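# Structural description and commentary
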Amino acid sequence: MASQMEPGYREFLLERTGRLSQTGGICPFTYADGKAKGVSTLRVRTARGLELWVVPDRGMDIFEASFLGRSLSWHSPTGMVHPAYFSASGLDWLKSFPGGLLATCGLSTAGAPSEDQGESLGLHGAISNTPAESAGWSERWEGDDCLLTVSGEVREASVHGANLLLQRTITTSLQSASFCVNDRVENLGFRESPLMLLYHFNFGFPLLTEFSRIYAPSRSVEPANEPSARSVERWSQMEAPEKDADERVYFHTMQPDSSGRVTVILVSDAGKRDFGVSLSYGSETLPEFVQWKMTRANHFVLGFEPANCRVLGRSAERRRGTLQMLAPGEKREFHLELRVLDGEEEVTSAIRASGLS
């Protein structure tokens, strides 16, 4: 993941700085005001200009993300919200959804609220509002690069219910403009459990514009509702914000590459093609891809959502015959990488390498 560097980079850097923090590294902080008060966060910075705010108190999710000072993510009107304010009822998840680059949905349910086998399930599950255990971070030199790692465990457990453990590691390096999310979900219980996991990546201005375009290896695109059906031919394009724009959701059937991975690219301006991001993931464990397109004023956001389910709720997934189950003691791993594409050459090369046009 780290770029190739000239020999002696570490020595060169240490000669010119007093601490690693002068050029990058990891710094913990805690919010001090409003509904965010008390939320612990880890600020991760690379020398290439990538910055991530990893939030152990919210499921090890990523809130702010920027590159060279330009935000990559959408922030919702709620802003950061402490998990103490979370309600799992119905659509209440939206009242504490800060947006941010990554909000994890799951673990035993994701998508719309539903009633499943006598259990009332709220929107997108509780994992993104669950504080992590054993959270930690490290800065470790390996040769002439410094690896930056954040890790933690997030538990979904209840009496007579699921007992699932998410172990998450987020890695980047000092000279990198990309990062990896490596997750392992284990069933610690003695009964099989539903496993629904969706990675809710949320891109916003100034990365996202009305001139943006999506490049994806889609074999088919299925609209989730009537507003989506009316505009399905424009799934890959954005429009300017409108006061009353409808939410649109599309289910993609992707064509993985020879290694089994899927890469989806967002280009900030299709005319210039000089800035964007690429998201890649393994299709074996994440066979679904949900696209959330929202161009309403104050809610100008594009969601890339690799998942092992759709977003119609657990009861719908069970009826469809696609509800995944995790056996007692079983572990399942998920690997994703997000890369910033800086400059026309990087954008063009990424599109060409993915076989997209």
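Conventions and cut-offs
Residues numbered from 1 in each chain as written. Predicted model: local features only at pLDDT ≥ 70, side-chain atom pairs only at ≥ 80, totals over all residues. Heavy atoms only, no water. Helix = DSSP H or I, 4+ residues; strand = E, 2+ residues; numbered from the N terminus. Rg over C-alpha atoms; globule rule 2.2 N^0.38 Å. Buried < 20%, exposed > 50% of the residue type's maximum accessible area, 1.4 Å probe, protein only. Areas by Shrake-Rupley, 256 points an atom, 1.4 Å probe, with all protein chains shown as cover. Lys, Arg positive; Asp, Glu negative; His and termini not counted. Charge placed at Lys NZ, Arg CZ, Asp CG, Glu CD. Pairing = 2+ DSSP bridges. Axes fitted to C-alpha atoms, helices over the stretch in contact; angles between N-to-C directions. Contact = heavy atoms within 4.5 Å. Salt bridge = Lys/Arg side-chain N within 4 Å of Asp/Glu carboxyl O. Phe/Tyr/Trp six-rings, centres within 6.5 Å; stacked < 30°, edge-to-face > 60°. Lys NZ or Arg CZ within 6 Å of the ring centre and 35° of its normal.

### Notes on the overall build of the chain
- In terms of helices and strands, the chain carries four helices and 23 strands.
- In terms of C-alpha radius of gyration, the chain reaches 20 Å, essentially the compact-globule figure of 21 Å for 357 residues.
- Per-residue burial for the chain yields a buried fraction of 53% across its 357 residues.
- Entry remark: accessible area of the chain is about 15500 Å², with carbon and sulfur atoms responsible for 49%.
- Of the charged side chains in the chain, 36 are positive and 45 negative; the average position of the first set lies 2 Å away from that of the second.

### Some thoughts on the sheet that holds strand β12 (residues 178-187)
- Spatially, the eight strands line up as an open sheet ordered β9-β10-β11-β12-β23-β19-β18-β15, and their pairing is antiparallel. Among the strands making up the open sheet, the edge pair consists of β9 (133-142) and β15 (213-215). Strand-to-strand twist of the sheet, defined as the mean angle between neighbouring strand axes without regard to direction, takes the value 15°.
- Where helix α4 (residues 344-353) meets the sheet, it contacts β15, β18 (261-267), β19 (275-282) and β23 (331-342), and its direction lies at approximately 140° from that of β23.

### A word on the pattern of salt bridges
- For the structure on display, the rule yields 23 salt bridges.
- The salt bridge involving Arg43 is made with Glu51; its shortest N-O contact spans 2.8 Å.
- Arg43 sits in the partly exposed class, given a relative accessible area of 32%.
- Using a relative accessible area of 15% as the deciding quantity, one classes Glu51 as buried.
- When salt bridges that share partners are traced, they join Glu222, Glu288, Arg310, Glu317 and Arg320 into one network.

### With respect to the packing of aromatic side chains
- Summed over all chains, the structure comprises 10 aromatic pairs.
- Considering the side-chain rings of Trp74 and Trp292, the 6.1 Å spacing of their centres and the 80° angle between planes classify their relative orientation as edge-to-face. With Trp74 in the loop between β5 (70-71) and β6 (102-105) and Trp292 in strand β20 (residues 288-296), this residue pair connects regions lying 218 residues apart in the sequence. Across this residue pair, the class does not change: Trp74 and Trp292 are buried.
- Residues Phe203 and Phe304 carry aromatic rings whose centres are separated by 5.3 Å and whose planes lie at 75° to one another, so their mutual orientation is edge-to-face. Of the two residues, Phe203 sits in strand β14 (residues 198-203) while Phe304 sits in strand β21 (residues 299-307), which places them 101 residues apart along the sequence.
- What makes Phe203 buried here is its relative accessible area of 1%.
- Within the aromatic cluster, the residues linked to one another by ring pairs are Trp74, Trp93, Phe97 and Trp292.
- Taking the ring centre of Tyr85 as reference, the NZ or CZ of Lys35 above it sits at 5.4 Å.

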